[in-house]
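Listed below are the residues making up each chain.
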Amino acid sequence: MENTENTRPTVERSQQLPIVGISAGDPNGIGYEIIIKGLSHPHIFEICRPVVYGNLNVLRQHQKTLGEDWQKVPFQVVRSAKEAQDGKVSIVTCYPDNTPIRIGKSTAEGGSASYASLKQACDDLEAGLLDTLVTAPINKENIQSENFKFSGHTEYLTSRFAEEGKDSLMMMVSDQMKIALVCNHVPIAKVPSFISNERILRKLHTLESTLEQDFAIRKPRIAVLALNPHAGDNGLIGQEEQTIIAPAVRQAREEGVLAFGPYSADGFFGSGKYTQFDAILAMYHDQGLIPFKSLDMDGVNYTAGLHIIRTSPDHGTAYDLAGKDMASYESFVHALCMSLDLKRRRTEYLELTANPLPIKEPQPEKREHREFKGFNPAEARREREERIAAERAARAEANAQND
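Along every chain, residues carry numbers that run from 1 in the direction the sequence is written. In view of the model being predicted, local features appear only for residues whose pLDDT reaches at least 70, and side-chain atom pairs are presented and counted only at 80 or more, with totals across whole chains, interfaces and linings using the full set of residues. Note that the side-chain values use all heavy atoms of the structure and ignore hydrogens as well as water.

### Quick word on the overall build of the protein
Okay, so step 1: In terms of regular secondary structure, the protein is built from twelve helices and twelve strands.
Okay, so step 2: Its C-alpha radius of gyration of 32 Å places the protein more than 25% over the 22 Å reference for a compact globule of 403 residues.
Okay, so step 3: Buried residues in the protein amount to 48% of all 403 residues.
Okay, so step 4: Accessible surface computed for the protein: about 21200 Å², of which carbon and sulfur atoms make up 49%.
Okay, so step 5: For the charge count, each Lys or Arg is scored as positive and each Asp or Glu as negative, with His and the chain ends excluded. Taken as the charge location is NZ of Lys, CZ of Arg, CG of Asp or CD of Glu. Each charge sign in the protein was given a centre, from 46 positive and 55 negative side chains, and these centres are 2 Å apart. Each helix is a run of H or I in the DSSP string that is no shorter than four residues. Each strand is a run of E no shorter than two, and both are numbered from the N terminus. Each radius of gyration reported is based on C-alpha atoms, and the globular scaling rule is 2.2 Å times the count of residues to the power 0.38. Summary of the burial criterion: residues with accessible area below 20% of their type's maximum are buried, those above 50% are exposed, and those between are partly exposed, where the area comes from a 1.4 Å probe applied to protein chains only. With residues, only the protein chains shown are counted as cover, and all accessible areas are computed by Shrake-Rupley using a 1.4 Å probe.

What follows is the structure, encoded as structure tokens:
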């Protein structure tokens, strides 16, 4: 849907801590567990007012499966994010208390609850009630319905928040690397049909602007990965590098983007070359996420290119861990903190670049035009020489008198 600066709703709020909306995800997965653990962090209430979109009764069921360390989080049920308070976790009820819960199992009811919490959180985000959104994991299969026909969070959020003519970007972020994708959740057999010059160029421009606005990286260096093994070996095992990817990289450089490549993915990561770039553009999901998660399972998924800020942990529902007090909450905390950092940097960027002074082209100096009528260069030169000779004779005579 189209959403522009002129039509986007705004809500006046006092200078309080920012409000972070948290959609609870699949109630049978580890979403509630990582939310409870993450919001038990001692510094959370110093940086934000968290609002969880889910159900307090379901949250309590998960809390009972956890140790004593996770029983002290102060929860309160609110009707709206407007009622969020400092020092407390607010919960907006999105589905009934009697919703069937089967921890560790995928169910249709779990999918419906996932969608209900996500939709309500996005509604409040769109209304300007939230500063950022953090999404707990959903099951991409059981959430499918007449209301949700998307392959994941990224595609759903893009349908709701992408501005006309602009593209979103699935991006994974950690201390080691930032990697974005040309294709998100696409079957591997269909990937080549999604690789085009225009698509790569759009993604490169979105990635560059994201790095500058949201990560404060001036003129970022971006590596572009090849599609085929060995970058196609000059066309021997694939034409895409020669006909699509390399031309797109060249065109991006002509348009001011510092893009390099295409690089063969195995050598690029194996040699550590990824450390020489500010970000990487991979062609498809596993090409980017396998090396990313091999280096850091506590990274963050960021939906870049939208006017809203949304992050999430870089893992799924993990049914096999649900209800066992074994799930790590580190990625969730990183996602929450990063959402606030991104919001702050983008706000600073927009303030610094708003209403720039106009740049005026230098104008040639205007001088009064003077005409010299009846001027004779030869006569002027003769008069000058006579004047100099007279001055020399006068000085010589004065010197003789002094002697």
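### Looking at the nonpolar core
Note that soluble globular proteins tend to have their nonpolar side chains buried in a common cluster.
Okay, so step 1: To define a nonpolar core, start from buried Ala, Val, Leu, Ile, Met, Phe, Trp, Tyr and Cys residues and group those joined through side-chain atoms within 4.5 Å. With 92 residues, the main nonpolar core has Leu39, Ile195, Ile200 and Leu336 as its most contacted residues.
Okay, so step 2: Here, residues are in contact when the closest pair of their heavy atoms is within 4.5 Å. Contacts of Ile195, omitting those with residues within four sequence positions, involve Val182, Cys183, Ile200, Leu227, Ile244, Ile245 and Met283.
Okay, so step 3: Membership of the second largest hydrophobic core comes to 16 residues, among which are Met177, Leu181, Ala223 and Phe292.

### Quick word on the confidence of the model for the protein
Any segment with low pLDDT has predicted coordinates that should not be analysed in fine detail.
Okay, so step 1: Summary statistics for the protein give a mean pLDDT of 90 and a share of 93% for residues scoring 70 or more.
Okay, so step 2: Every residue in residues 1-14 scores below 50 in pLDDT, and together they form 23 contacts with partners more than four places removed in sequence or on other chains. A residue's pLDDT is simply how confident the predictor is in it, with values from 0 to 100.

### Some remarks on the pairing of strand β12 (residues 310-313)
Okay, so step 1: When DSSP finds two or more bridges between two strands, those strands count as paired. Relative to β12, strand β5 (residues 132-135) runs parallel, the two being bridged by two bridges. Within β12, the position partnered with Val134 by the bridge is Thr311.
Okay, so step 2: Bridge analysis of strand β11 (residues 300-304) against β12 gives three bridges, and the strand direction is antiparallel. Bridge pairing links Val300 to Pro313 in β12.
Okay, so step 3: The hairpin turn running from β11 into β12, its antiparallel successor, is five residues long, and Gly305 in that turn takes a positive phi close to 90°.

### Some points on helix α5 (residues 153-161)
Along an α-helix, residues three or four positions apart point the same way, because every turn accommodates 3.6 residues.
Okay, so step 1: Of all nine residues in α5, seven are buried, a share of seventy percent or more.
Okay, so step 2: Along α5, the residues that are buried comprise His153, Thr154, Glu155, Tyr156, Leu157, Arg160 and Phe161.
Okay, so step 3: Buried residues in α5 make contact with α4 (108-126), β5, β6 (169-173), β11 and β12.

### Examining unusual backbone geometry
What you tend to see is this: most non-glycine residues have negative phi, and most peptide bonds are trans.
Okay, so step 1: Between Gly261 and the following residue, Pro262, the backbone shows a cis peptide bond with an omega angle of 5°.
Okay, so step 2: You can see Pro262 is positioned in strand β9 (residues 258-263).
Okay, so step 3: Positive phi values are uncommon outside glycine, yet Ala231 reaches one of about 55°.
Okay, so step 4: Inspection of the secondary structure puts Ala231 in the loop between β8 (221-225) and α8 (240-254).
Okay, so step 5: What makes Ala231 partly exposed here is its relative accessible area of 21%.
Okay, so step 6: One non-glycine residue, Asp233, lies in the positive phi region at around 50°.
Okay, so step 7: Along the chain, Asp233 turns up in the loop between β8 and α8.
Okay, so step 8: Overall, the relative accessible area of 38% leaves Asp233 in the partly exposed class.

### Considerations on the pattern of salt bridges
Okay, so step 1: Whenever Lys or Arg places a side-chain nitrogen within 4 Å of a carboxyl oxygen from Asp or Glu, that contact is recorded as a salt bridge. Taken as a whole, this structure holds 16 salt bridges when the rule is applied.
Okay, so step 2: Asp86 is the partner of Arg49 in a salt bridge, and the nearest nitrogen-oxygen pair spans 3.6 Å. Taken together, the residues span a long stretch of sequence, with Arg49 in strand β2 (residues 49-54) and Asp86 in the loop between β3 (75-78) and β4 (89-93) at a distance of 37 residues.
Okay, so step 3: For Arg49, a relative accessible area of 3% gives the class buried.
Okay, so step 4: Notably, a salt bridge pairs Arg160 with Asp123, separated by 2.8 Å at the nearest N-O pair. Remark: Asp123 occurs in helix α4 and Arg160 occurs in helix α5; sequence separation between them is 37 residues.
Okay, so step 5: What makes Asp123 partly exposed here is its relative accessible area of 24%.
Okay, so step 6: The structure contains a network of salt bridges with shared partners spanning Lys119, Asp123, Glu126 and Arg160.

### Quick look at the side chain of Glu126
Okay, so step 1: By the element assignment, Glu126 lies in helix α4.
Okay, so step 2: One polar contact links Glu126 to Arg160, side chain to side chain, over a distance of 2.8 Å. Polar contacts, as used here, are pairs of N or O atoms within 3.5 Å; protein pairs need one atom able to donate a hydrogen and one able to accept it. Residues neighboring in sequence count only if both atoms are side-chain atoms.

### A short note on the sheet that holds strand β7 (residues 178-181)
Okay, so step 1: Pairing in this open sheet of twelve strands is mixed, and the strands run β3-β4-β2-β1-β5-β12-β11-β6-β7-β10-β8-β9 from one edge to the other. Both outer strands of the open sheet, β3 and β9, are each paired with one neighbouring strand and no more. Sheet twist, expressed as the mean angle between neighbouring strand axes with direction ignored, is 25°.
Okay, so step 2: Bridge count for β8 against strand β10 (residues 279-282) is three bridges, and the pairing is parallel. In the strand pairing of β10, Ile222 is matched with Ala279. All axes here are fitted lines through C-alpha atoms, helices being fitted over the stretch that makes contact, and every angle between N-to-C directions spans 0 to 180 degrees.

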